[in-house]
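Residue-level structure breakdown
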Amino acid sequence: MRSVLVVDDSTTVAKQLSKILEESGRYKVVGHAADGLEAVKQFKASTPDLVCMDVVMPNLDGMQALRMIKQINGDARVVMISSVGGVADKVAECLKAGAVNVVSKPFDAKKVLDVLDSVK
Amino acid sequence: MAVRFFGQYLLENGVIDPKQLLAAISFQEKTNLKFGDTAISLGLLTQEQLASIFALQRTKDLKTGEAAIELGFLKDEQIDQVLRAQKNSHVMIGEALVSTGALGREQLERHLAAFKIDQEPYRIAEGIAEAKDPSGIARPAADLALKFLLRLANLNMKLVGVTIGPLEEPTLDTYTARVGFTGDVGGEIALRASTSICARIASAMLGEPVSPDNAAVVLDATSEFLNVVGGNLSAAVARSGKKLELSTPGHGELKAPVGGQHMLVARFGAPEGEIDFVVLTGRP
């Protein structure tokens, strides 16, 4: 079972994602961070197999947190899950910073699991 | 189930990988000239004039064309000429993926057809008169809000009225979710509805019953709903070249618009109740 850190300032999204991941039986959610600063802290502490992270967040946004996580571990697998996932510039920025994929909100269970399952 | 750009649609569906998409984007960046470079290639500007334009842009919030006009380097018809040239030579992401070897021509046609079907539900419908929407933001915003109310909250609402100006005082207990944006247009979108309608949105988002009295949960879910509308709005307007940067969602009563601001209130109605969807644009 792969461990996942869920990062989103919305508790609604954190609950939605956790439910999808846990019910699949393939993923275990090891933490929920509500902003980028907390995400970096939790990433260091729990070293999850995967990170699912929002882009627009308070304190430290997802792009900055992604860069910091990749500095800590260049092999970190981060999937950005964001309502701005349909904006070409944002997608390019995420991929250049090292995200392995970008999922648009609103998402459904199949899409999230298909993308995470494809991450090697 | 969202407004996407074609490259991300292919990535999300596993057709291409991040490296292939980045290579295609890099190809586009090299091939698709910016306004200033296009004007130089057409012989309408010199390198020195472009440097003066950049210098002006450091002190004034102007697009390159606007700065060129202000400095007397270009006239309106020359701006149109540059924009036409840019449009005619623009390489779309699909073509860039073919050029960089990520996709074959037949694959491109097949996936483009599937992408068009995927995005068909997000075509902007008529509803709000263009004259009431000077920024061009309110029409797509209201249209997307109605579509996501149906898809995410199973609320089949209709546009029942459009007013310009401040919100009326509510007659019921309400919650107001808000998402601000900056960029080519500044402002915010907001959703104000009775606590019971917002609880219905929250219940649908979370897949479990949520009481209207549970303000924290209802507001978080309603704000997230509005965040989804805002994100998809930024993707939709990006197709026509407008850039919107979203702020983190929040909540709280909206103030009346002040000088320079334009507030459009689209009222959505259904048997379950009404929603006031607000688009505020312009700087005070």
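Source: prediction; values computed, not measured.

1. A few points about the overall build of chain B
The secondary structure content of chain B amounts to eleven helices and seven strands. Reported as C-alpha extents along the three principal axes, the dimensions of chain B are approximately 65 × 50 × 30 Å. Relative to its full complement of 284 residues, chain B shows a buried share of 46%. For chain B, the proportion of contacts with a sequence separation of at least 24, taken over those separated by at least 6, is 66%. Total accessible area on chain B is roughly 13900 Å²; 52% of this is exposed by carbon and sulfur atoms. Seen as two clouds, the 28 positive and the 34 negative side-chain charges of chain B have centres 4 Å apart.

2. Description of the state of the cysteines
Residue and element names in this part refer to chain A. According to the stated counting rule, one finds zero disulfides over all chains in the structure shown. Free cysteine Cys52: the closest other cysteine sulfur is in Cys94, separated by 13 Å. Overall, the relative accessible area of 1% leaves Cys52 in the buried class. The class of Cys94 is buried, set by a relative accessible area of 2%.

3. A look at the interface of chain A and chain B
Counting from both sides, the interface comprises 34 residues of chain A and, opposite them, 37 residues of chain B. Interface area, chain A with chain B, both sides summed: about 2700 Å², of which 58% is carbon and sulfur. Counting every contact that joins chain A to chain B gives five salt bridges. A salt bridge links A:Lys96 to B:Glu29, with the shortest nitrogen-to-oxygen separation between them at 3.2 Å. Inspection of the region where chain A meets chain B yields 16 residue pairs in polar contact (both at pLDDT 80 or more). Breaking the side of chain A that touches chain B down by element, the ones donating at least two residues are α1 (11–24), α4 (88–96), β5 (101–104) and α5 (109–118) of chain A. The element contributing the most residues to the side of chain A that touches chain B is α4(A), with seven residues. Taken together, the residues that form the side of chain A that touches chain B break down as 15 nonpolar, nine polar and ten charged.

4. Structural notes on the packing of helix α9 (residues 138–153) of chain B against helix α10 (residues 195–206) of chain B
Residue and element names in this part refer to chain B. Relative to each other, α9 and α10 sit at 55°, their axes nearing to 9 Å. The angle between the axes of α9 and α10 places the two elements in the oblique class. Across the interface between the two elements, Leu149, Leu152 and Ala153 from α9 touch Arg200, Ile201, Ala204 and Met205 from α10. In terms of residue class, the contact of α9 with α10 is built from six nonpolar, no polar and one charged.

5. Some details on the nonpolar core
The nonpolar side chains of a soluble globular protein tend to be buried with one another. If you look at the biggest cluster of nonpolar residues, it comprises 99 residues, and the most contacted ones within it are A:Met53, B:Phe268 and B:Phe277. The element best represented in this core is helix α11 (residues 215–238) of chain B, accounting for eleven residues. For A:Met53, the contacting residues outside a window of four places in its chain are A:Val7, A:Ala39, A:Gly62, A:Ala65, A:Leu66, A:Ile69, A:Val78, A:Val79, A:Met80 and A:Ile81. The next biggest cluster of nonpolar side chains, apart from the first, holds 20 residues, and it includes A:Leu17, A:Tyr27, A:Cys52 and A:Val79.

The rules behind these values
Residue numbers restart at each chain and count upward from 1, following the sequence in its written direction. Labels are handed out in written order, letters beginning with A for the chains and numbers beginning with 1 for the ligands. Totals for whole chains, interfaces and linings use every residue, but because this is a predicted model, local features are given only for residues with pLDDT of at least 70 and side-chain atom pairs only at 80 or more, for both listing and counting. As a convention, hydrogens and water are excluded, and side-chain values are obtained from all of the structure's heavy atoms. Helix and strand definitions here come from DSSP, where helices need a minimum of 4 consecutive H or I residues and strands a minimum of 2 consecutive E residues; each element is numbered from the N-terminal end. Burial status follows relative accessibility: with a 1.4 Å probe on protein chains alone, a residue under 20% of its type maximum counts as buried, one over 50% as exposed, and anything between as partly exposed. Note on contacts: a residue pair is in contact if any heavy atoms of the two residues lie within 4.5 Å. Using the Shrake-Rupley algorithm and a 1.4 Å probe, accessible areas are obtained, with residue cover drawn only from the displayed protein chains. Positive charge is attributed to Lys and Arg, negative charge to Asp and Glu, and no charge count is given to His or to the chain ends. Where a charge lies is defined by one atom per residue type, namely NZ (Lys), CZ (Arg), CG (Asp) and CD (Glu). Pairs of cysteine sulfur atoms within 2.5 Å are what we label disulfides. When two parts are put together, the accessible area they lose, computed with a 1.4 Å probe and summed over both, is reported as buried area. Here a salt bridge means any side-chain nitrogen of Lys or Arg lying within 4 Å of a carboxyl oxygen belonging to Asp or Glu. Two N or O atoms count as a polar contact when they lie within 3.5 Å, although within protein this holds only if one can serve as hydrogen donor and the other as acceptor, and sequence-adjacent residues are included solely when both atoms are side-chain atoms. The residue classification treats Ala, Val, Leu, Ile, Met, Phe, Trp, Tyr, Cys and Pro as nonpolar and Asp, Glu, Lys and Arg as charged. All others, Gly included, are polar. Lines fitted to C-alpha atoms define the axes here, with helix axes fitted over just the stretch in contact, and angles between the N-to-C directions of these axes take values from 0 to 180 degrees. Any angle that is under 35 degrees is reported as roughly parallel, and any over 145 degrees as roughly antiparallel; angles of 65 to 115 degrees are reported as roughly perpendicular and all others as oblique. Working definition of a nonpolar core: buried Ala, Val, Leu, Ile, Met, Phe, Trp, Tyr and Cys residues. They are joined through side-chain atoms within 4.5 Å.

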